[in-house]
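Topology and contacts: notes
Below are the chains, spelled out letter by letter.
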Amino acid sequence: MAARDVRNEAGMSLGDIYGVMRRRRAWFLIPTALGVVASLVLALTLPAEYEAAATVTVEPPVIPDKLAPNTIASDTETRYENLKLQLLARDSLSSIITDFNLFEGATTAREVQVEEMRQRISIAPLPPAIVDPRKPVELNSFRVSFRWSNPKIAAEVSNRLARDFISANLRDRTSLADGTMEFFDQQL
């Protein structure tokens, strides 16, 4: 029985590949070296930017609906969009800019500063840890983050945004509950 020629079946042997790499080493080394140099130049010249994030969790009601029915019938997604709009409103962001002196010494208009701050803020819903395919996916936590050149300021602003998000939610729920109570009082 004749031994098979591995070279004819595969087309190339490892020795052939090594020979190609040795002869064409400039084709591999030059792009690699250029990539490393470009990465170093970018890393050294670009300013440092830090991102701080806070997670806000929405707790479901603890009292069963049979004992005390929920008078606030808005879903989490709708509340999330409303709260996001309130948080990114000009007045809210303008007060944060003033409180933390974010654009100290800048000669740009306040509208430009507010718009730049909006671009540095990220508010995104987080998927639930456990997904039950029998039930619709419900949003129950959100990630609020802020990017800035100073890590301490980034953390403080991120915490402030999370606190504002929570307090806006409490204000909305309280006003809805008060409106319901007022309706019941008028009906009585």
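Here, every reference points to the structure presented above.
Residues numbered from 1 in each chain as written. Predicted model: local features only at pLDDT ≥ 70, side-chain atom pairs only at ≥ 80, totals over all residues. Heavy atoms only, no water.

Here's the deal with the side chain of R160
Examined against the element boundaries, R160 turns out to sit in helix α7 (residues 151-187). Look at R160 and you get buried, because its relative accessible area is 15%. Leaving out residues up to four positions away in the same chain, R160 has contacts with S95, I96, D99 and F100. (Helix = DSSP H or I, 4+ residues; strand = E, 2+ residues; numbered from the N terminus. Buried < 20%, exposed > 50% of the residue type's maximum accessible area, 1.4 Å probe, protein only. Contact = heavy atoms within 4.5 Å.)

Focus: the pattern of salt bridges
The final tally for this structure, using the stated rule, is 9 salt bridges. Between R147 and E49 there is a salt bridge; the shortest N-O distance is 2.9 Å. Highlighted residues: R147 in strand β3 (residues 141-148) and E49 in the loop between α3 (25-45) and β1 (50-57), separated in sequence by 98 residues. The exposure class assigned to R147 is partly exposed, which follows from its relative accessible area of 28%. Under the relative-accessibility criterion, E49 is labelled partly exposed at 43%. (Salt bridge = Lys/Arg side-chain N within 4 Å of Asp/Glu carboxyl O.)

Structural notes on α7
Over its 37 residues, α7 runs 54 Å from end to end, which matches the ideal 54 Å to within 8%, given 1.5 Å per residue. For α7, every residue scored as buried is listed here: I153, A154, V157, S158, R160, L161, A162, D164, F165, A168, N169 and T180. Regarding α7, its N-cap is N150, as a side-chain oxygen of that residue lies 3.0 Å from the backbone nitrogen of K152 further along. (Expected span 1.5 Å × (residues − 1). Polar contact = N/O pair within 3.5 Å; in protein donor to acceptor, adjacent residues only side chain to side chain.)

A closer look at the side chain of S94
Among the secondary structure elements, S94 is positioned in helix α5 (residues 90-100). Those residues within four positions of S94 in sequence are excluded, and the remaining contacts are R110 and V114.

That's the geometry; what it means functionally is another story.
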